[in-house]
Amino acid sequence: RHDTVGYRTAKFVKRNRVAGSAAALILVAIVAGLIVALGEAENARRQRDTAQRERLKAQRINEFLQDMLGAAAPEAKGVDVKVVDVLSEASRRAKTEVATQPDVMADVLMTLGRTYISLGLFEPAVENLRAAVDASLKANGELHPTTATSMGWLGLALSYIGKYQEGEKISRQAVELQRKLHPEGNADLAVALYSLGMNLRSSDDPKSAERPLEEAVDLIGKHLGKNNGYYVAALTGLAMAREKLGNIDGAESLYRRAIEVGGGVEHRYRIYLAQASGYLGMLLTNKQSYADAENALRESERIYRDVLGNSNSSVPTIQASLGRLYSLEGDYARSEIEYRKALELMPKYFPPEHFIRLGATGGLGVTLTRLGKAAEGEHYLREALELREKSLPKENYLIPFTESALGECLMVQKRYGEAEPLLVSGYNKLKAKFGEQDPRVIEARQRLDKLHQLK
């Protein structure tokens, strides 16, 4: 054999098996220990770097917020400083001053978006939350708490402005991300589920909204407590879903439970008590329990004004509901007052095609028709019909509902030839969708019968 290192090593191992094995084991142990030590050192370094980044990030956010609040001090802007102005300025500055730190910008904009939601200012909420999602995706990637949480709040804001399809899509994505990040569940997952449920409630399959809203109620009760404002909001959302499914008694019970719980929440959460009272008032209106409905709606309006001030999107929404209530009672003079107050405020918060604003527009048209002001009412009804035909699916019941109301307005003006096709179309479409016994169908048939009597 050639005298090589391999040959000598092999011969040595064969002659010294025990010592060789021991040496090998010691070597393996040393290498393994070295690998573990290096791994722990690397983990410690990463944790140290992460902690340092988070500390610097928190410090930057704190500096930004302190600077923002300092800019709103009386000596800087005078004593009459509005929260909305402070938020608007903070949003503008966040997108410029921390643009090079997208992780910081994402957290700041998410906080601003959530604050806008709590104030009932949904358009700026959507704007800030969209920017928060984009910044977080850039800085953190998709599977990150800030990204997932921003998506959940964005989905909720979209539901409030009627963009349900987009809201459902992003809310569903938020739920999937939160389940990966927090398999055991937490409050952020609850918000994403609530957001998903609120969007699904307005879809063609409202039954699908029940499960996420039920889970949201359970998670919020578990992680935040049953005396938390978000628990009240989740109960109200679940009640809304059940009401849409026709479970009126179940919905009323949940609304009343939400109001009971809401009586003990912090002042800043009382908007959710107002929300529950408002929806209970609308349900009682549909049940023709008008006195109780009026009390609930007035209480809702009072709380909204107390918490948010006299100018916020919820106040005109409740005023429109009062207008509808008085119209159903036949008190058209009071109905006109409430509808006009609502429509005076709504342009600040809702675009012309928003369903709440269109409801008030069409409602005022009907009220004016029955007050003997049909020519003026026609303007509002034509506007409502035109915008509903543009913004809603053609099978949506609100289109024939408005056709029938406009037909009544033209009939009152003795323009029978123009009124008849609208009355016929409205009645036939509503009957096909709801059946003969639905109150909306009965009203449309009565209008058509009256036309036949007059002709």
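Look up: the structure comes first, before these words.
Given the structure is predicted, the values throughout are model-derived calculations rather than measurements.

Colleague: Which residues make up the overall build of the chain, and what values go with them?
Modeller: Scanning the chain for helices and strands turns up 21 helices and zero strands. A buried classification covers 47% of the 455 residues belonging to the chain. When the accessible surface of the chain is totalled, it reaches about 23,200 Å², and 53% of it is carbon and sulfur.

Colleague: Tell me what's going on with the nonpolar core, and back it up with residues and numbers.
Modeller: Membership of the largest hydrophobic core comes to 97 residues, with the highest contact counts inside it found for I117 and Y194. What I117 contacts, discounting residues up to four positions off in sequence, is F122, A125, L129, W153, A157 and Y160. With 19 residues, the next largest nonpolar core counts L410, V441, A444 and L451 among its residues.

Colleague: An account of the side chain of S425 is requested, with residue identities and associated values reported.
Modeller: Tracing the sequence through the fold places S425 in helix α20 (residues 416-434). Within polar-contact distance, the side chain of S425 engages the side chain of E403 at 2.9 Å. If we skip the residues at most four places from it in the chain, S425 touches P400 and E403.

Colleague: Can you tell me about helix α9 (residues 187-200), naming the residues and giving the values?
Modeller: The terminal C-alpha atoms of α9, which comprises 14 residues, lie 20 Å apart, in line with the 20 Å expected from a rise of 1.5 Å per residue. Of all 14 residues in α9, 12 are buried; the element is thus mostly enclosed. Looking only at α9, the buried set comprises L189, A190, V191, A192, L193, Y194, S195, L196, G197, M198, N199 and L200. In this structure, the buried residues of α9 make contact with α7 (145-160), α8 (164-181), α10 (210-223), α11 (229-244) and α13 (270-286). Two or three places before D188, at the opening of α9, N186 has a side-chain oxygen 3.3 Å from that residue's backbone nitrogen.

Colleague: With reference to specific residues and values, describe the pattern of salt bridges.
Modeller: When their charged atoms lie close together, side chains carrying opposite charge are able to pair. Tallied over the full model, the rule gives 31 salt bridges. Where E376 meets R340, a salt bridge forms, and the shortest distance between an N and an O atom there is 2.7 Å. Of this pair, E376 sits in helix α18 (residues 374-391) while R340 sits in helix α16 (residues 332-345), and the two are 36 residues apart along the sequence. For E376, a relative accessible area of 33% corresponds to the partly exposed category.

Colleague: I'd love a proper account of helix α6 (residues 122-140), names of residues and values included.
Modeller: The end-to-end C-alpha distance of α6 is 26 Å, a good match for the 27 Å that 19 residues give at a rise of 1.5 Å each. Restricting attention to buried positions, one finds in α6 the residues F122, A125, V126, N128, L129, A131, A132, V133, A135 and S136. At the C-terminal side of α6, G141 shows a positive phi close to 85 degrees.

Colleague: How would you sum up the packing of aromatic side chains? Please name residues and give values.
Modeller: For the structure on display, the rule yields eight aromatic pairs. Both rings, one in Y230 and one in Y272, keep their centres 5.7 Å apart while their planes meet at 55 degrees; by these two values the pair is tilted. With Y230 in helix α11 and Y272 in helix α13, the pair connects residues that are 42 residues apart, well separated along the chain. Taken together, the aromatic side chains of W153, Y230, Y269 and Y272 make up a single cluster linked through ring pairs.

Cut-offs and rules
Every chain begins its residue count from 1, and numbering advances along the sequence as written. Local features in this predicted model are restricted to residues whose pLDDT is 70 or higher, and side-chain atom pairs enter the listing and the counts only when it is 80 or higher, whereas totals over whole chains, interfaces and linings include all residues. Side-chain numbers come from the whole structure's heavy atoms, not from hydrogens or water. Every helix listed is a DSSP run of H or I at least four residues long, and every strand listed is a run of E at least two residues long, numbered separately from the N terminus. Exposed residues in this analysis have more than 50% of their type's maximum accessible area, buried residues have under 20%, and partly exposed residues fall in between, with area computed by a 1.4 Å probe over protein chains only. Residue burial considers only the protein chains on display, and all accessible areas are found by Shrake-Rupley using a 1.4 Å probe. In this description, a nonpolar core means a group of buried Ala, Val, Leu, Ile, Met, Phe, Trp, Tyr and Cys residues linked to one another through side-chain atoms lying within 4.5 Å. In this analysis, two residues are considered to be in contact whenever any of their non-hydrogen atoms come within 4.5 Å of each other. Residues adjacent in sequence count toward polar contacts only when both atoms are side-chain atoms; beyond that, a polar contact is any pair of N or O atoms within 3.5 Å, and within protein one must be able to donate a hydrogen and the other to accept it. Expected helix span is given by 1.5 Å per residue-to-residue step, counting one fewer step than there are residues. Whenever a carboxyl oxygen of Asp or Glu lies within 4 Å of a side-chain nitrogen of Lys or Arg, that contact is scored as a salt bridge. Pairing of aromatic side chains requires ring centres within 6.5 Å, counting the rings of Phe and Tyr and the six-membered ring of Trp. Pairs whose planes differ by under 30 degrees are stacked, by over 60 edge-to-face, and all others tilted.

Read these as layout, nothing more, since geometry by itself doesn't imply function.
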